[in-house]
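Architecture and fold: a report
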Amino acid sequence: MNINIPRQYLYLSVISLFLFIFVLVFSFSVLIPNGKEYRIKRLDVKKHYKELRSYRNLHDETYSILKELQGKNVRIITAFDTTFNPKKFEKQNKVYFSDLSVKEITLEEPQEEFAVYEVNTSSHINSPKSFYDFLDSVNKSNWIIAINFPIHFKRDKDIIESSFTMKVYCNNKERVSQDSVSVDK
Amino acid sequence: MKHSYITPRHKSALTQDVQLLLSFFTITILMLFSTYTFLIYKNYVFTSEKETVIIEKNQLKVSLSSMKSKIEYIEKQKMLSEGIYTKNIVLKDSMVNLFDLVPTRITLSEAKLQEKGLILYGITPNKDVYNFMLQAPLRSIFHRTYSSFYPAKNGWLHFVSTNYIDEEDIASEH
């Protein structure tokens, strides 16, 4: 049996077959692996974006909490940051005493977070009321001051000699500097 | 041999069929390559996006931990300062109460306030006034109270009152 196919159609068939094979090979060797990679990466990026969103929300919440806390405690934070100045302390509290002098300042063994200075003072007051007023004002002063024992009062004619110990609390500078370094990083 | 008298048709290799087939081939190959380019581009974009997101996440983590430590530190400062303020107020109140305890007939010349004790020096008209008006209330506050007297020039009595709170009792109260 003689099949008479024109040569042109034969060429076309061969080229079509070649294209078909090329499409198959290209799809299976290049497109499908890339497509799989695309799908995996898309899901991965989506997951990372989701995590990022939750981190941002947490960050924003924490930031607002920090700002609120800083806003509410400005005085305390500033007081802890302020280094104790004996002259300023004497000047501020002279109204309660007829005479006030800071005798000795010693740094106690450094604690982890706060530095504590022990301050010995001697003063003269007209009445215990002045000392009460001083105790009221200490809680509003520029420093965090705890009045400590021993407190000694001795009458000398019309005035009372008094001496007492205070503990002044402030930030441990080393810790603060370590914190700022870690934040910079 | 046969001869034709008509002029021969101009024959081209690009017949209509071939043109159709070529355009089909071109479109197919273009689609394949455009898909491939799209995938390559998107994969690159996803990789760079992922890197950016990871960097941003790490920055947020660092910032978060720094903020958390700041919050923790402010809370500690707040707690410490509130404790100190309360102690100062309590100290003031106890001093007011102490000096209110001293009756007008007794005059104090010296007072030593210690963490677990109180020493009072003064002058009293007689022992009874001291015992009833000062020692009794002091006994109700302190666990151990000791008094000693010695005569003054005006016939009154100087007294020294030493009062202590026992350490074990303070611990059990806390």
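On a predicted model such as this, the values are computed, not experimentally measured, just so you know.

Before going further, it helps to examine the overall build of chain B. Across its full length, chain B holds three helices and four strands. What you see for chain B is a C-alpha radius of gyration of 51 Å, clearly larger than the 16 Å of a compact globule of 174 residues, by over 25%. Taken along the three principal axes of its C-alpha coordinates, chain B extends 175 × 25 × 20 Å. Counting over 174 residues, chain B shows a buried share of 10%. Sequence-distant contacts, at least 24 apart, represent 46% of the contacts inside chain B between residues at least 6 apart.

The subject of this paragraph is the domain arrangement of chain B. By the assigned domains, chain B splits into domain 1 (17-101) and domain 2 (103-173). Between the C-alpha centres of domain 1 of chain B and domain 2 of chain B there is a distance of 64 Å.

Once the domains are mapped, chain A shows domain 1 (1-72) and domain 2 (82-176). For domain 1 of chain A versus domain 2 of chain A, the separation of C-alpha centres amounts to 72 Å.

For the rest of this paragraph, the subject is the nonpolar core. One finds Leu 135, Ile 144, Ile 145, Ile 147, Met 166 and Val 168 of chain A to be the most contacted residues of the largest nonpolar core, which totals 27 residues. Mapped by element, the contributors of at least two residues to this core are helix H2 (74-81), strand S2 (114-125), helix H4 (128-138), strand S3 (144-156) and strand S4 (159-171) of chain A together with strand S1 (107-113) and strand S2 (117-124) of chain B. For this core, the element with the highest residue contribution is S4 of chain A, accounting for five residues. Not counting residues up to four positions away in its chain, the partners in contact with Ile 145 of chain A are Val 138, Met 166 and Val 168 of chain A.

Another aspect to go through is unusual backbone geometry. Put simply, Phe 149 of chain A and Pro 150 of chain A share a cis peptide bond, and its omega is 0 degrees. Residue placement: Pro 150 of chain A occurs in strand S3.

Residue and element names in this part refer to chain B. With respect to the helices and strands, the residue Ile 54 is situated in helix H1 (residues 16-101). The exposure class of Ile 54 is partly exposed, given the 13 C-beta atoms found within 10 Å. Ile 54 sits 39 residues away from Asp 93 along the chain, and the two C-alpha atoms are 58 Å apart.

The next point concerns the environment of His 48 of chain A. Tracing the backbone through its elements, the reader meets His 48 of chain A in helix H1 (residues 7-72). Among all residues touching His 48 of chain A, those that are not within four sequence positions of it are Lys 50, Val 53 and Ile 54 of chain B.

With that out of the way, let us pick up the packing of H2 of chain A against H1 of chain B. Following both chains from N to C, one finds H2 of chain A and H1 of chain B inclined at 90 degrees, their axes separated by 10 Å at the closest point. Taken together, the axis directions place H2 of chain A and H1 of chain B in an arrangement best described as roughly perpendicular. Judged by residue contacts, Ile 76, Ile 77 and Phe 80 of chain A of H2 of chain A engage Ile 74, Gln 77, Lys 78 and Ser 81 of chain B from H1 of chain B. Considered class by class, the residues forming the contact of H2 of chain A with H1 of chain B number four nonpolar, two polar and one charged.

Moving on, we get to the packing of H1 of chain A against H1 of chain B. It is the contact of H1 of chain A with H1 of chain B, at a shortest axis distance of 6 Å, that shows an interaxial angle of 20 degrees. When the axes of H1 of chain A and H1 of chain B are compared, the pair comes out roughly parallel. Here H1 of chain A and H1 of chain B pass one another in a crossing that is left-handed. Counted by class, the contact of H1 of chain A with H1 of chain B contains 31 nonpolar, eleven polar and 14 charged residues.

Further remarks concern the interface of chain B and chain A. Across the contact, 53 residues belong to chain B and 54 residues belong to chain A. For the side of chain B that touches chain A, the elements supplying multiple residues, two or more each, are H1 and S1 of chain B. Among the elements that line the side of chain B that touches chain A, the one with the most residues is H1 of chain B, at 45 residues. Partitioning the side of chain B that touches chain A into residue classes produces 26 nonpolar, twelve polar and 15 charged. In this structure, S3 of chain A lies alongside S1 of chain B, joined through four bridges in antiparallel fashion. Note that in S1 of chain B the partner of Lys 154 of chain A across the bridge is Glu 110 of chain B.

Take H4 of chain A next. Buried residues of H4 of chain A: Phe 131, Phe 134, Leu 135 and Val 138 of chain A, and no others. Axial view of H4 of chain A: buried residues confined to an arc of 100 degrees, hence all on one face. On the buried face of H4 of chain A, the contacting elements are helix H3 (86-93), S2, S3 and S4 of chain A together with H1 of chain B.

Each value, and the rule that gives it
- Residues numbered from 1 in each chain as written.
- Chains lettered and ligands numbered in written order.
- Predicted model: local features only at pLDDT ≥ 70, side-chain atom pairs only at ≥ 80, totals over all residues.
- Helix = DSSP H or I, 4+ residues; strand = E, 2+ residues; numbered from the N terminus.
- Rg over C-alpha atoms; globule rule 2.2 N^0.38 Å.
- Buried ≥ 20, exposed ≤ 12 C-beta atoms within 10 Å, placed from the backbone.
- Contact = placed C-beta atoms within 7 Å.
- Domains from an automatic or database assignment.
- Core = buried A, V, L, I, M, F, W, Y, C linked by C-beta atoms within 7 Å.
- Axes fitted to C-alpha atoms, helices over the stretch in contact; angles between N-to-C directions.
- Parallel < 35°, antiparallel > 145°, perpendicular 65-115°, else oblique.
- Nonpolar A, V, L, I, M, F, W, Y, C, P; charged D, E, K, R; others polar.
- Left-handed = near helix turned anticlockwise from the far one by under 90°.
- Pairing = 2+ DSSP bridges.
- Arc of directions from axis to C-beta.

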